[in-house]
Amino acid sequence: SVYFGGGTPSLLTPPAMRSLFTTLYGTFHVPDGTQVIFEGNPDSLSPQKIQILAELGKVTRLTIGVQTLDDTVQTLVRRHNKPSHVRQAVESARKFGIKHVNCDLMAGMPEQTMESFQRDLQFLLELDPDSIHLNGYRPLPRTRLASTKGEMTDEQIELRSSMLKWATEELKVAGHSTGM
């Protein structure tokens, strides 16, 4: 496998992406059939970048880090994704032949409601990605949210659990494997 992620590599410019993949494939032998995974934020995954990922990067799995589309939560976590960004990223990945499209969705984020989480999952299901990865939010030490919002309350933990339980059932109904 070749993996680009754990941050937001989609912030690279198209010329930087071209350089990265030219260097990768010019320096290392990457056998045919190798899984090449790339993570990105919806607001920085333009069709031009996705075309580069598909054609020059030979990306076989694109993970779109949606996390949430709730404007209140996005403001708090300094994200700027819109449903149109997500839709365009999924459609572009399909258009340019990326074999597997995954969307990440987070449950239990500060200020997130059950209703906004449900809207987000329903929206993603309508886009029909190959997989939706659910993540339960937890405030990591030394992060801005942990220092400003502190530990999760019992009520927040219960809400997160309810979100994940509901989403797991919805994914099953939609034909997704839940790993449970």
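Residues numbered from 1 in each chain as written. Predicted model: local features only at pLDDT ≥ 70, side-chain atom pairs only at ≥ 80, totals over all residues. Heavy atoms only, no water.

Caption draft 1: Representation of the overall build of the protein chain. In terms of regular secondary structure, the protein chain is built from seven helices and five strands. If you list the helices and strands of the protein chain from N to C, you get β-α-β-α-β-α-α-β-α-β-α-α. Over its C-alpha trace the protein chain gives a radius of gyration of 17 Å, about what one expects of a compact globule, namely 16 Å for 180 residues. The buried share among the 180 residues of the protein chain stands at 47%. Partitioning the intrachain contacts of the protein chain with sequence separation of at least 6 by distance along the chain shows that 75% fall at a separation of at least 24. Surface exposure of the protein chain reaches about 9,700 Å², of which carbon and sulfur atoms provide 51%. Averaging the coordinates of the 19 positive side-chain charges in the protein chain and doing the same for the 20 negative ones gives two points 7 Å apart. (Helix = DSSP H or I, 4+ residues; strand = E, 2+ residues; numbered from the N terminus. Rg over C-alpha atoms; globule rule 2.2 N^0.38 Å. Buried < 20%, exposed > 50% of the residue type's maximum accessible area, 1.4 Å probe, protein only. Contact = heavy atoms within 4.5 Å. Areas by Shrake-Rupley, 256 points an atom, 1.4 Å probe, with all protein chains shown as cover. Lys, Arg positive; Asp, Glu negative; His and termini not counted. Charge placed at Lys NZ, Arg CZ, Asp CG, Glu CD.)

Caption draft 2: Spotlight on the nonpolar core. The biggest cluster of nonpolar side chains holds 40 residues, and the ones touching the most others in it are Phe21, Leu53, Leu62, Ile64 and Leu124. For Leu53, the contacting residues outside a window of four places in its chain are Met17, Phe21, Phe38, Leu45, Lys58, Val59, Leu62 and Ile98. The next biggest cluster of nonpolar side chains, apart from the first, holds six residues, and it includes Val73, Met106, Tyr137 and Met152. (Core = buried A, V, L, I, M, F, W, Y, C linked by side-chain atoms within 4.5 Å.)

Caption draft 3: Main features of unusual backbone geometry. In the Ramachandran plot, Lys58 falls in the positive-phi region, its phi being about 55° despite a non-glycine side chain. Along the chain, Lys58 turns up in the loop between helix H2 (47-55) and strand E3 (61-67). In this structure, Asp128 takes a positive phi of about 60° despite not being glycine. Judged by relative accessible area, Asp128 falls into the exposed class, the value being 52%.

Caption draft 4: Representation of the confidence of the model for the protein chain in the model. Mean pLDDT over the protein chain: 92, with 93% of residues reaching 70 or higher. The element-level mean pLDDT for the protein chain is lowest in helix H6 (residues 144-149), coming to 54, with H2 highest at 98. (pLDDT = per-residue confidence, 0-100.)

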